[in-house]
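Residues per chain are reported as follows:
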Amino acid sequence: MSDIAYVIRGVLIQVAETRLLLPNATIAEVLSYAPPEPVENAPAWLLGRIRWRGWQLPLLSFSRFAGLADEQGGLGSKVIVLKALGGNPKRPYFALLTQGFPRLVTVTEATLATLDDEGELPQGVLARVRLGENDAVVPDLAALEQQLHAALAAAA
């Protein structure tokens, strides 16, 4: 085996009730919150659409999606534009409601530990982790995108 230490640049993102840990490369931009345009017949976690660089991006609440909290946008909220992983050229980005700015972190095998979970993980969560002294969840972005596409198709 090799003694190579892997280092990943990540971000800790505060959402209502928890923090998300994501690779820094998934973030396209951080924006100030503005109320989104509503999407009729959408689930409660799909807050609406925002305009960004000529795109209309769906804005979602991860806390609502995962059933963790009833998160609302407001003063101090931010919107993080994420690069979609699904390869859909019509939806290369989506937006996530957050509380404050993401914090850049260094993730190494030595600083990251998976937490044993008592019971099932919430919808959209791959794992609960501890990074140094910070507890966070790793979101399942692929599942989130699938649900988002299904919700947008149903609302259309």
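Residues numbered from 1 in each chain as written. Predicted model: local features only at pLDDT ≥ 70, side-chain atom pairs only at ≥ 80, totals over all residues. Heavy atoms only, no water.

Draft legend 1. Highlighting the overall build of the protein. Across its full length, the protein carries 2 helices and 11 strands. Going residue by residue from the N terminus, the α and β elements of the protein occur as β-β-β-β-β-α-β-β-β-β-β-β-α. The C-alpha extent of the protein, read off along each of the three principal axes, is 50 × 35 × 30 Å. Out of the 156 residues belonging to the protein, those deemed buried represent 39%. The long-range fraction of contacts in the protein, counting pairs at least 24 apart against all pairs at least 6 apart in sequence, stands at 57%. (Helix = DSSP H or I, 4+ residues; strand = E, 2+ residues; numbered from the N terminus. Buried < 20%, exposed > 50% of the residue type's maximum accessible area, 1.4 Å probe, protein only. Contact = heavy atoms within 4.5 Å.)

Draft legend 2. Main features of the pattern of salt bridges. Here the structure, examined in full by the defined rule, presents 4 salt bridges. Of the charged contacts, one joins Arg 53 and Glu 29 as a salt bridge, the two residues approaching to 2.8 Å between their closest N and O atoms. Residue Arg 53 is located in the loop between strand E4 (46-52) and strand E5 (55-60), and its partner Glu 29 is located in strand E3 (residues 27-32); the two are separated by 24 residues in the primary sequence. Note that Glu 37 is salt-bridged to Arg 51, the shortest N-O span being 3.5 Å. In this pair, Glu 37 is assigned in the loop between E3 and E4 and Arg 51 in strand E4, connecting sequence segments 14 residues apart. For Arg 51, a relative accessible area of 60% corresponds to the exposed category. (Salt bridge = Lys/Arg side-chain N within 4 Å of Asp/Glu carboxyl O.)

Draft legend 3. Region of the structure containing the nonpolar core. Counting residues in hydrophobic clusters, the biggest one holds 26 residues, and the most contacted among them are Ile 13, Phe 62, Leu 82 and Phe 94. Elements with a contribution of two residues or more to this core: strand E1 (7-15), strand E2 (18-23), helix H1 (62-65), strand E6 (77-83), strand E7 (93-99) and helix H2 (141-155). Discounting residues that sit within four places of it in the chain, Phe 94 has contacts with Leu 57, Pro 58, Leu 60, Ile 80, Val 81, Leu 82, Ala 84, Leu 141, Leu 144, Glu 145 and Leu 148. (Core = buried A, V, L, I, M, F, W, Y, C linked by side-chain atoms within 4.5 Å.)

Draft legend 4. Examining the pairing of E7 more closely. Counting buried positions over the 7 residues of E7 gives 5, a clear majority of the element. Two strands pair when backbone bridges link them, and E5 and E7 are joined in this way by 2 bridges, in the parallel orientation. In the strand pairing of E7, Leu 59 is matched with Ala 95. Of the strand pairs in this sheet, E6 and E7 are connected by 7 bridges, and their pairing is antiparallel. (Pairing = 2+ DSSP bridges.)

Draft legend 5. Inspection of unusual backbone geometry at higher detail. Despite not being glycine, Glu 17 has its phi angle at roughly 75 degrees, a positive value. Relative to the assigned elements, Glu 17 resides in the loop between E1 and E2. The phi dihedral of Arg 53 falls on the positive side, at around 45 degrees, and the residue is not glycine. Residue Arg 53 is classed as exposed on the basis of its relative accessible area of 63%.

Draft legend 6. Structural context of the side chain of Ser 61. Here Ser 61 lies in the loop between E5 and H1. Sequence-distant contacts of Ser 61, defined by excluding residues within four places in its chain, comprise Trp 45, Leu 47 and Glu 71.

Draft legend 7. Structural view of the environment of Ala 34. Here Ala 34 lies in the loop between E3 and E4. A relative accessible area of 42% means that Ala 34 is categorised as partly exposed. The spacing of Ala 34 and Ala 143 is 109 residues in sequence and 26 Å in space, taken between C-alpha atoms.

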